[in-house]
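This is what each chain is made of:
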Amino acid sequence: MRFRANARLLAFGFLLALTQAACNIFETRDPEPPSQSSSIFVPATEPSLVFSNMTNAFRDLNSVNYLKSFADSSSAGRSFSFEPTQQAKIKYGGVFLTWSRQSEQQYFENLRSKIPSGSAATLSFESLTVQSLQSDSAQYEATYRLTVPHTVATLATEARGKAQLLLIADRSRNWVIWRWIDLTTSTNTFSWSDLKGAFGQ
């Protein structure tokens, strides 16, 4: 008799604990801290998606996703190269002598470290013209505006200019930029090259 009573008591206790645990599933959880992996990145199965991913990477200040837009010799068969504007080449010549895919990541992270928490950069491609398009290669000319609310008082917060961008499809058939030729729109314009030169050091 006592055994039955104890068994019922144990069963009742088990059911009570189960009910309380089930109720907790409806409680709100603390939001997870933002991380670089939470940013939007879409596999660039079309060349135009590369530019969308770059825009999102700046909005989210995500250097990992930003880097995915550039050719890696191990997967694309070509190394990424960047040709700065003549103005930036003169001013930051040493920086651009060995510029690489890793340099893109480094300048992006240096730039991000100078942007106040809660702020975001804004990249817009004001014009994007396809100059050639093949099954595994493409060439675009883009007019860009990049606004970055950094805290370096001696540098402009907006970069404007033009770029010729050569893309290829890598072994996974995802498009990446393998060559970037930066062009200024006027002699007084602060270009993306200037931004890279300043934060790539």
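Reading the values: rules and limits
- Along each chain, residues carry numbers from 1 onward, in the same order as the chain's sequence is written.
- Totals for whole chains, interfaces and linings use all residues, but because this is a predicted model, local features are given only for residues with pLDDT of at least 70 and pairs of side-chain atoms are given and counted only at 80 or more.
- To obtain the side-chain values, all non-hydrogen atoms of the structure were used and water was disregarded.
- Two strands are counted as paired when DSSP detects at least two bridges linking them.
- Comment: elements are numbered from the N terminus, with helices defined as DSSP H or I runs of at least four residues and strands as E runs of at least two.
- Think of each axis as a best-fit line through the C-alpha atoms, taken over the contacting stretch in the case of a helix, with angles from 0 to 180 degrees between the N-to-C directions.
- Any pair of residues with heavy atoms lying within 4.5 Å of one another is described as a contacting pair.
- Think of it in three bands: with a 1.4 Å probe and only protein chains considered, a residue is buried below 20% of the maximum accessible area for its type, exposed above 50%, and partly exposed in between.
- Think of a salt bridge as a Lys or Arg side-chain nitrogen and an Asp or Glu carboxyl oxygen that are within 4 Å of each other.
- Here is the rule: rings of Phe, Tyr and Trp (six-membered ring for Trp) pair when centre to centre is within 6.5 Å. Planes less than 30 degrees apart are stacked, more than 60 are edge-to-face, and the remainder are tilted.

*Asks:* So what about the sheet that holds strand β4 (residues 158-169)? Which residues, and what values?
*Replies:* The sheet built from five strands is open, its strands ordered β1-β5-β4-β3-β2 with mixed pairing. Of all the strands in the sheet, the pair left with one neighbour each is β1 (81-83) and β2 (122-133). Ignoring strand direction, the axes of neighbouring strands in this sheet form an average angle of 25°. By the bridge criterion, eight bridges tie β4 to strand β5 (residues 175-183) in an arrangement that is antiparallel. Note that in β5 the partner of A169 across the bridge is W175. Where helix α2 (residues 48-60) meets the sheet, it contacts β2, β3 (137-147), β4 and β5, and its direction lies at approximately 165° from that of β2.

*Asks:* Account for the side chain of R101, with residues named and values stated.
*Replies:* Structurally, the position occupied by R101 is in helix α7 (residues 101-113). Overall, the relative accessible area of 16% leaves R101 in the buried class.

*Asks:* Go over the pattern of salt bridges, please, and point to the residues and values.
*Replies:* The full count for this structure, using the stated rule, is seven salt bridges. Across the pair R145 and E158 runs a salt bridge whose closest N-O atoms are separated by 3.8 Å. You can see R145 sitting in strand β3 and its partner E158 sitting in strand β4, a full 13 residues away along the chain. The exposure class of R145 is partly exposed, given its relative accessible area of 29%. Residue classification places E158 among the partly exposed positions, given a relative accessible area of 30%. The structure contains a network of salt bridges with shared partners spanning E126, R145, E158 and R160.

*Asks:* Mind laying out the pairing of β2, listing which residues take part and the relevant values?
*Replies:* Sheet topology places β2 next to β3; 10 bridges connect them, and they run antiparallel. Bridging from a neighbouring strand, L123 pairs with L146 of β3. A loop of three residues connects β2 with β3, the two strands running antiparallel in sequence.

*Asks:* Please give an account of the side chain of S69 that cites residues and values.
*Replies:* Mapped onto the secondary structure, S69 falls in the loop between α3 (63-67) and α4 (73-76). Leave out the neighbours within four places in its chain, and S69 touches V50, N53, M54, V176 and I177.

*Asks:* Break down the environment of P43 for me, with residues and values.
*Replies:* One can find P43 in the loop between α1 (2-23) and α2. Along the primary structure P43 and R173 are separated by 130 residues, whereas in three dimensions their C-alpha atoms are 9.4 Å apart. Those residues in contact with P43, other than ones at most four positions away along the chain, are L49 and N174.

*Asks:* If you had to explain the packing of aromatic side chains to someone new, which residues and values would you point to?
*Replies:* If you walk through the whole model with that rule in mind, you get 17 aromatic pairs. Measuring from centroid to centroid gives 4.9 Å for F58 and F108, while their planes differ by 50°, and the two rings are tilted. Placement of the pair is F58 in helix α2 and F108 in helix α7, with a sequence separation of 50 residues. For F58, a relative accessible area of 0% translates into the label buried. Residue F108 is classed as buried on the basis of its relative accessible area of 1%. Between F82 and F96, the ring centres sit 5.7 Å apart and the planes meet at 45°, which makes this aromatic pair tilted.

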